[in-house]
Amino acid sequence: MIRIPCPYCGERDHSEFTYGGDGSITYPALDAPMADWLEAVFERENVRGLQLETWHHVMGCRMWLLVERDTMTHEIHSVRAAHTGLAAVLEEKS
Amino acid sequence: MTRFSAWSVFRNGLTGQKDWDRQWRDAQPEKQYDIVIVGGGIHGLATAYYLAKNHGLKNIAVLEKGWIGGGNAGRNTTIVRSNYFRPGNREFYEHSLKLWENLSHDLNYNVMFSQRGHVSLLHSPGAVDAAARGYNTLRLTGSDAEIWQLDQLKQEIPHLNYSANARFPILAAAVQRRAGTARHDAVVWGYARAADSHGVDIIQNCEVSAVLLDQGQITALETSRGRIKAGKVGFSVAGNTSRLWDMAGLGTLPIESHKLQAFVTEPLKPILDHVVVFGVGGTHFYMSQSDKGGLVFGGDLDWYKSYAQRGNLPIAQDVAECAISILPCLGRVRLLRHWSGVCDMSMDGAHFICKTPLDNLYLNAGWNYGGFKAGPGAGWYFADLIANDRPHDVVADHDLKRFERGVNLDERGAGPDPKLHG
Ligand SMILES: Cc1cc2nc3c(=O)[nH]c(=O)nc-3n(C[C@H](O)[C@H](O)[C@H](O)COP(=O)(O)OP(=O)(O)OC[C@H]3O[C@@H](n4cnc5c(N)ncnc54)[C@H](O)[C@@H]3O)c2cc1C
Ligand SMILES: [Zn+2]
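Treat the numbers as computed from the prediction; the structure is a model and nothing was measured.

Would you mind going over the overall build of chain B with me for this structure?
Each helix and strand counted, chain B has ten helices and 18 strands in total. The C-alpha radius of gyration computed for chain B amounts to 22 Å, which stays within 12% of the reference 22 Å derived for 422 residues, consistent with globular compactness. For the C-alpha atoms alone, the extent of chain B along its principal axes is close to 65 × 65 × 40 Å. Within chain B, buried positions represent 56% of all 422 residues. Pairs at least 24 apart in sequence give 75% of the contacts found in chain B among residues at least 6 apart. As presented, chain B carries roughly 17300 Å² of accessible surface, and 51% of it is formed by carbon and sulfur atoms.

Here it is in structure tokens:
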């Protein structure tokens, strides 16, 4: 079982979370060229190693998190709130 | 190589089975090949076989980093069926199923293909209607399909959980009788042996670590057994496709690598004659009984991206719950083993058999967790692509640019999220 240290709830089993997906994707502006959308929606680096990804603490605080995890060893390297404003507040406090 | 026949089995019985030949050569790498296929799973081996057999090509090698069949070919739950509906997928899987039906004869190797029928349980009137629509499509396009109402289902498989109090009571089943299972190792060995007899070099312990390029062409592959020059190259490496793609400097792909587990119980007396599938409320569970008596279970992906060939425990629990909910009599049966394989999950759940931005590189990938049944067909069409340098009509939409054209071959209608396709 992967254990994810949620910044709100503490360390929990990954089965409390749902996996979002590749967290390195940023969606382009609505009127951006089609090619940019194509890339954001369909193309993936599919890293073997450290990757940024989103997880939702759906059985806990229900917050979305940005997690750095190794896709080969499953080791978690960092966790922060996905919402940049919340992340900033939390990180200032600690 | 000795052909297997009733006579050869009898004769070797008389001499204590000591006189069998090696089934294929332990080929050493040459410096150069006209065609190099990377990946010694079913797909790579089948491709090499059909390149030689259907197209008369020579000087072909299959490079495998470990041992052949050590990847998903040897890890899957061996379900073979053709009940796919999207144009392109429909013809492709039906062709593959037809190849399966004659494969043991064609390869002169018993792949133990058992057409025991594939029974998908249906739990709501809506599901029955949807299945009827799908199965009409199958019948109208030259395949077989049946809907079994409850009375027939009870006759065929009497010991399922038919309780009216079940969380999801069973209403009917969608059935493909020509579907079934096969012996995974035998398919790998059969293709290897047949390809080898056509002169294909099957080179194990040969990991490709770099791709050498010159002006939009691959010139050679750097491997753990030295540099190998190549005329044409085919990638057929399932869950490792993005790794090879990266070595070729080609950037991103509409693929993510996820792992899927399989489970086998202790051996039992014969208890289940069919492949039974239970999928409701997003779950996905399938089981069959192997010839050794073990019940083989499969479920969903582990839900997060992974290159690790080991599975997690929450899925073991989900799968066990599904098994008990449809066959409660398994309550005391113990699981013997579970394992996992890394699947090349694509953005729409369909495959790629296509040309690439490099002139002499061809791609066979995006098999999700359905590539075992596809093995013969994929080898057939991939060989056709490599030999003729153009895709066959059946795989014309199975290219990397289909999303750009707005084409999604999405059987489940799940959208562009690889983990949701099965
Ligand atoms: C648990 C599980 C259950 C499944 N159940 C089913 C099922 O019931 N029905 C079905 O149709 N499909 C099923 N599948 C899917 C199916 O097994 C795969 O889609 C299919 O086997 C993939 O094709 P392959 O056999 O060629 O792949 P593989 O056997 O994985 O072959 C790829 C090969 O490439 C090699 N390779 C990788 N990188 C390199 C490199 N750098 N150099 C050299 N070689 C390399 C690997 O070692 C591997 O042997 C299942 C998969 C899993 C994991
Ligand atoms: Zn939390």
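Next, the rest of the story.
It is not clear to me how the side chain of D196 of chain B should be interpreted in this structure. Could you clarify?
All names here are of chain B. Structurally, D196 can be placed in helix α7 (residues 184-197). With a relative accessible area of 10%, D196 lands in the buried category. Apart from residues lying up to four places away in sequence, D196 is in contact with Q23, W24, R25 and I202.

Just checking my understanding: could you explain the pattern of salt bridges for this structure?
All names here are of chain B. Within the structure shown, the criterion is met by 25 salt bridges over all chains. For D106, the salt bridge goes to K53, with nearest N and O atoms at 3.1 Å. In this pair, D106 is assigned in helix α4 (residues 103-107) and K53 in helix α2 (residues 42-55), connecting sequence segments 53 residues apart. Look at D106 and you get partly exposed, because its relative accessible area is 26%. When its relative accessible area of 37% is taken as the criterion, K53 is described as partly exposed. When the shortest N-O distance is used, the salt bridge between R177 and E146 registers 3.2 Å. You can see R177 sitting in the loop between β6 (172-176) and β7 (180-181) and its partner E146 sitting in strand β5 (residues 146-149), a full 31 residues away along the chain. Its relative accessible area of 37% is what places R177 among the partly exposed residues. E146 sits in the partly exposed class, given a relative accessible area of 26%.

Mind showing me how you'd approach the coordination of the zinc ion (ligand 2) here?
Reference values for angles at a metal are 109.5 degrees in the four-donor tetrahedral case and 90 or 180 degrees in the six-donor octahedral case. Residue and element names in this part refer to chain A. The protein atoms donating to the zinc ion (ligand 2) are C6 (SG), C9 (SG), H57 (ND1) and C61 (SG), with metal-donor distances spanning 2.0 to 2.4 Å. For the zinc ion (ligand 2), the four donor atoms in the first shell make angles of 103 to 116° at the metal, a pattern classed as tetrahedral. Each donor residue of the zinc ion (ligand 2) belongs to the same chain, with the gaps between them written as C-x2-C-x47-H-x3-C. You can see C6 sitting in strand β1 (residues 3-6) and its partner C61 sitting in the loop between β4 (50-56) and β5 (64-70), a full 55 residues away along the chain.

Got a minute to help me understand the site of ligand 1 in this structure?
Residue and element names in this part refer to chain B. Around ligand 1, the surrounding shell holds 37 residues, and the nearest of these are E64, N72, A73, T77 and K373. At a separation of 3.4 Å, an oxygen atom of ligand 1 approaches a polar backbone atom of T78. A distance of 3.0 Å separates an oxygen atom of ligand 1 from a polar backbone atom of G371. When isolated, ligand 1 has an accessible area of 1000 Å², and the protein chains bury 97% of it. Along the lines of polarity and charge, the residues of the shell around ligand 1 split into 16 nonpolar, 16 polar and five charged. Structurally, the shell around ligand 1 is a two-domain feature, drawing no fewer than three residues from each of domain 1 (25-109 + 183-255 + 348-420) and domain 2 (118-178 + 257-343).

Would you explain the interface of chain A and chain B in this entry?
By a widely used convention, the size of an interface equals the accessible area lost when the partners come together. Listed as interface residues are 23 residues of chain A and, on the opposing side, 27 residues of chain B. Note on chain A versus chain B: buried area summed over both sides is about 2100 Å², and carbon and sulfur give 54% of it. It is F42, N46 and R48 of chain A that lose the most area in chain A upon contact with chain B, and together they represent 31% of the buried surface on that side. Put simply, chain A and chain B have one salt bridge between them. With a closest N to O distance of 3.7 Å, E256 of chain B and R44 of chain A form a salt bridge. Counting only elements with at least two residues in the side of chain A that touches chain B, the list comes to β3 (18-22), α1 (34-42) and β4 of chain A. Counted by class, the side of chain A that touches chain B contains nine nonpolar, eight polar and six charged residues.

What counts and what doesn't
Residues numbered from 1 in each chain as written. Chains lettered and ligands numbered in written order. Predicted model: local features only at pLDDT ≥ 70, side-chain atom pairs only at ≥ 80, totals over all residues. Heavy atoms only, no water. Helix = DSSP H or I, 4+ residues; strand = E, 2+ residues; numbered from the N terminus. Rg over C-alpha atoms; globule rule 2.2 N^0.38 Å. Buried < 20%, exposed > 50% of the residue type's maximum accessible area, 1.4 Å probe, protein only. Contact = heavy atoms within 4.5 Å. Areas by Shrake-Rupley, 256 points an atom, 1.4 Å probe, with all protein chains shown as cover. Salt bridge = Lys/Arg side-chain N within 4 Å of Asp/Glu carboxyl O. Donors = N, O, S within 2.8 Å, 3.2 Å for Na, K, Ca; no water. Tetrahedral: all angles 85-135°; square planar, octahedral: opposite > 155°, others 65-115°. Near = heavy atom within 4 Å. Polar contact = N/O pair within 3.5 Å; in protein donor to acceptor, adjacent residues only side chain to side chain. Nonpolar A, V, L, I, M, F, W, Y, C, P; charged D, E, K, R; others polar. Domains from an automatic or database assignment. Buried area = accessible area lost by both parts, 1.4 Å probe.

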